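Here are the chains, one letter per residue:
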Amino acid sequence: MASRNAIGVFDSGLGGLTAVKEFLRVLPNEKIIYFGDTGRVPYGTRSRDAIRRYAFQDASFLLSHNVKMVVAACGTVSSVAGGELREKLPVPYTGVVNPTAFTAVRVTKNRRVGIIGTAATVASHSYKLRLQKLDPGIEVFEQACPLFVPLVENGVIDRNDVVTQAVAARYLQPLKEQGVDTLILGCTHFPILRGAISDYMGEGVTLIDSGLETAVYAAKVLREQDLLSDDETVQTPEFYVSDTPEGFKNVAGLFLGRDMEHTVTQIDIEQY
Ligand code: DGL
């Protein structure tokens, strides 16, 4: 039966908004409730236990809004706690790893795929394991890019900025040398740096944006389970954060690709 309940999307902070942007495009008639854990970002440098605990609190907050699906729009959470979330949540769950891996396997021609993500994502080998399960012959090259996250959070994103270019070159050089033809942007912050990343990697390398693939996958799951909304009006998303909304609003427009005229509400995530 169709459901007008919202889709709950969360991330450690702002990065998940790159996924929300794609959700709004792919599923305009679905209500999106977004939680960004801006008070505890970054997750990518934390222990597995901390990431796991945060992820379940974030999901509980969304469930308190009666969401019909939970999406971890965060490479780190999907990598470290995805299996457990899928198993334990009472509604359908998706992270960003599986949808992205499916697309990468389809897209690569030379079967040499690069992954960039946070330190925790790369240490988990989540993308690599998934890709090699889908195609055991595929060669996967992983690279943690921890400095990309603060660059994005601080708006140092211009493809012509020497700092952005230098950091991109430092991280991407080994992947370029390996001759990958496909590069997974395994962290939801990274699509914001797409310009600098693609300039460095060159035109022959396809960049895969986890947000878009996840939105398409979520739409498929909801359709299969007959949970898509039957409301034909365009919905306005709701935004919640765990730190002051001011900082969030300033940078959120950049991630969403549109002016951030929505209200943003601060909540106490430790209560969940
Ligand atoms: N958005 C997070 C991810 O996709 C990166 C930021 C963080 O370290 O929390 O992994």
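Residues numbered from 1 in each chain as written. Predicted model: local features only at pLDDT ≥ 70, side-chain atom pairs only at ≥ 80, totals over all residues. Heavy atoms only, no water.

Focus: the side chain of Thr108
Put simply, the test is: A run of H or I in DSSP counts as a helix once it spans at least four residues, and a run of E counts as a strand once it spans at least two, with each numbered from the N terminus. In the analysis that follows, any N or O atom pair within 3.5 Å is treated as a polar contact, provided that within protein one partner can donate a hydrogen and the other can accept it, and provided that, for residues neighboring in sequence, both atoms belong to side chains. Every residue pair with non-hydrogen atoms within 4.5 Å of one another is taken to be in contact.
Following the sequence through the fold, Thr108 ends up in the loop between α4 (97–107) and β5 (112–117). A polar contact is formed between the side chain of Thr108 and the side chain of Asp181, at a distance of 2.7 Å. For Thr108, the contacting residues outside a window of four places in its chain are Val113, Ile138, Asp181 and Thr182.

Observations concerning the site of the ligand
Heads up, the rule is: The cutoff for a nearby residue is simple: one of its non-hydrogen atoms must lie within 4 Å of the molecule or strand. Residues are grouped as follows: nonpolar covers Ala, Val, Leu, Ile, Met, Phe, Trp, Tyr, Cys and Pro; charged covers Asp, Glu, Lys and Arg; every other residue, Gly included, is treated as polar.
Taken together, 14 residues lie near the ligand, and Ser12, Tyr43, Gly44, Gly75 and Thr76 sit nearest. Between Ser12 and the ligand, the recorded distance is 2.6 Å, taken from a side-chain N or O atom to an oxygen atom. Here a nitrogen atom of the ligand sits 3.3 Å away from a polar atom, N or O, in the side chain of His189. The class makeup of the residues in the shell around the ligand is six nonpolar, seven polar and one charged.

Observations regarding unusual backbone geometry
Excluding glycine, a negative phi dihedral is what most residues carry, and trans is how most peptide bonds are arranged. Heads up, the rule is: When a residue's accessible area, from a 1.4 Å probe over protein chains only, is under 20% of the maximum for its type it is buried; when over 50% it is exposed; and in between it is partly exposed.
Cis geometry is found at the peptide bond from Val41 to Pro42, where omega equals 5°. Of note, the phi angle at Arg111 is positive, near 55°, even though the residue is not glycine. Mapped onto the elements of the fold, Arg111 is located in the loop between α4 and β5. You can call Arg111 partly exposed: its relative accessible area is 39%. Positive phi is not limited to glycine here, since Asp226 has a value of about 55°. Secondary-structure assignment places Asp226 in the loop between α10 (210–224) and β9 (238–241). For Asp226, a relative accessible area of 42% translates into the label partly exposed.

Observations regarding helix α3 (residues 75–88)
What counts is decided by this rule: Here the expected span of a helix is defined as 1.5 Å times the quantity of residues minus one. For a residue, the bend is simply the angle between two axes, fitted respectively to the seven-residue segment ending there and the seven-residue segment starting there.
Over its 14 residues, α3 runs 19 Å from end to end, which matches the ideal 20 Å to within 8%, given 1.5 Å per residue. Taking the largest bend as the criterion, α3 deviates by roughly 75°, centred on Ala81. When we look at burial in α3, the residues that qualify are Gly75, Thr76, Val77, Ser78, Ser79, Val80, Ala81, Gly82 and Leu85.

Quick word on the packing of aromatic side chains
The criterion, for reference: Any Phe, Tyr or Trp ring, taking Trp's six-membered ring, that has another such ring centre within 6.5 Å forms a pair; planes under 30 degrees apart are called stacked, those over 60 apart edge-to-face, and the others tilted.
Under the defined criterion, the tally for this structure stands at eight aromatic pairs. Ring geometry for Phe61 against Tyr240: centres 5.2 Å apart, planes inclined by 65°, an arrangement best described as edge-to-face. Placement of the pair is Phe61 in helix α2 (residues 48–63) and Tyr240 in strand β9, with a sequence separation of 179 residues. According to the relative accessible area criterion, Phe61 is buried, its value standing at 1%.

Observations concerning the packing of α2 against α3
Our working definition: Only the stretch in contact is used when fitting a helix axis, every axis being a line fitted to C-alpha atoms; angles between N-to-C directions are given from 0 to 180 degrees. Orientation is classified from the angle alone, with under 35 degrees giving roughly parallel, over 145 giving roughly antiparallel, 65 to 115 giving roughly perpendicular, and any other angle giving oblique. Take the far helix as your reference; a near helix turned counterclockwise from it by less than a right angle gives a left-handed crossing, and one turned clockwise gives a right-handed crossing.
Running from amino to carboxyl end, α2 crosses α3 at an angle of 55°, the nearest separation of the two axes being 9 Å. It follows from the interaxial angle that α2 and α3 lie oblique. For the element pair α2 and α3, the recorded crossing hand is right-handed. On α3, the residues touching Arg48, Ile51, Arg52, Ala55, Phe56 and Ala59 of α2 are Thr76, Val77, Val80, Ala81, Glu84, Leu85 and Lys88. Residue classes in the contact of α2 with α3 are distributed as eight nonpolar, one polar and four charged.

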